[in-house]
Amino acid sequence: MARSSTGISAAGAERVELYKVDQRYKTARTFFRCCLGVGGVYYLRDAVFLLAGQTTKLAIELAVLADFKFAITLTLAGCAAGWAVIERGLRYRKVEYFQNRIRDLELAIDPTRTTSGLTPKGKTHPKDK
């Protein structure tokens, strides 16, 4: 095994270099986050000073913001409902896709088994409804 002048293997030296690069990245990321936080506080301070004494204007802006939040909430709820419907359809299609394979495997284990009466999509037997 080849050793470098520091006495560690080539793989170990590579891991050390990778660790150094990773630490530089994390340091830069932390510095960037801190700068964004300081900048955010600076601009928030300016916004508070500009709004000082203008409570009526602030109340109107907050009311508009509340309507905007409500619209965003409804949009997200609609997207979540749509996603749930799509996921359900995909799940039924996947169950139907695997249904024949599972039935064949079960019959290989026990040829005398009887069916549960589930539909190919895994839904309840129509007579059980």
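Please read these numbers as outputs of a predicted model, since none were measured by experiment.

Procedures and definitions
- Residues numbered from 1 in each chain as written.
- Predicted model: local features only at pLDDT ≥ 70, side-chain atom pairs only at ≥ 80, totals over all residues.
- Heavy atoms only, no water.
- Patch = residues over 30% accessible without salt bridge, like charges linked within 9 Å, V, L, I, M, F, W, Y side chains within 5 Å.
- Areas by Shrake-Rupley, 256 points an atom, 1.4 Å probe, with all protein chains shown as cover.
- Salt bridge = Lys/Arg side-chain N within 4 Å of Asp/Glu carboxyl O.
- Lys, Arg positive; Asp, Glu negative; His and termini not counted.
- Charge placed at Lys NZ, Arg CZ, Asp CG, Glu CD.
- Buried < 20%, exposed > 50% of the residue type's maximum accessible area, 1.4 Å probe, protein only.
- Phe/Tyr/Trp six-rings, centres within 6.5 Å; stacked < 30°, edge-to-face > 60°.
- Helix = DSSP H or I, 4+ residues; strand = E, 2+ residues; numbered from the N terminus.
- Contact = heavy atoms within 4.5 Å.

Trainee: Explain a positive patch on the surface to me, and be specific about the residues and the numbers.
Mentor: Taken together, Arg-88, Arg-91, Lys-121 and Lys-123 make up a surface patch of like positive charges. A residue is classified by how much of its surface remains accessible, and Lys-123, at 36% relative accessible area, is partly exposed.

Trainee: Any details on the packing of aromatic side chains? Residues and values, ideally.
Mentor: For the structure shown, the criterion picks out 2 aromatic pairs. Ring centres of Tyr-42 and Tyr-43 lie 5.4 Å apart, and the angle between their planes is 70°; this geometry places the pair in the edge-to-face category. For Tyr-42, a relative accessible area of 42% corresponds to the partly exposed category. A residue is classified by how much of its surface remains accessible, and Tyr-43, at 60% relative accessible area, is exposed.

Trainee: How would you summarise the environment of Val-95 if you had to cite specific residues and measurements?
Mentor: Structurally, Val-95 can be placed in helix H2 (residues 55–109). Using a relative accessible area of 34% as the deciding quantity, one classes Val-95 as partly exposed. Look past the residues within four positions of Val-95 in its chain and what remains in contact with it is Pro-120, Lys-121 and Gly-122.

Honestly, it's all geometry; don't read function into it.
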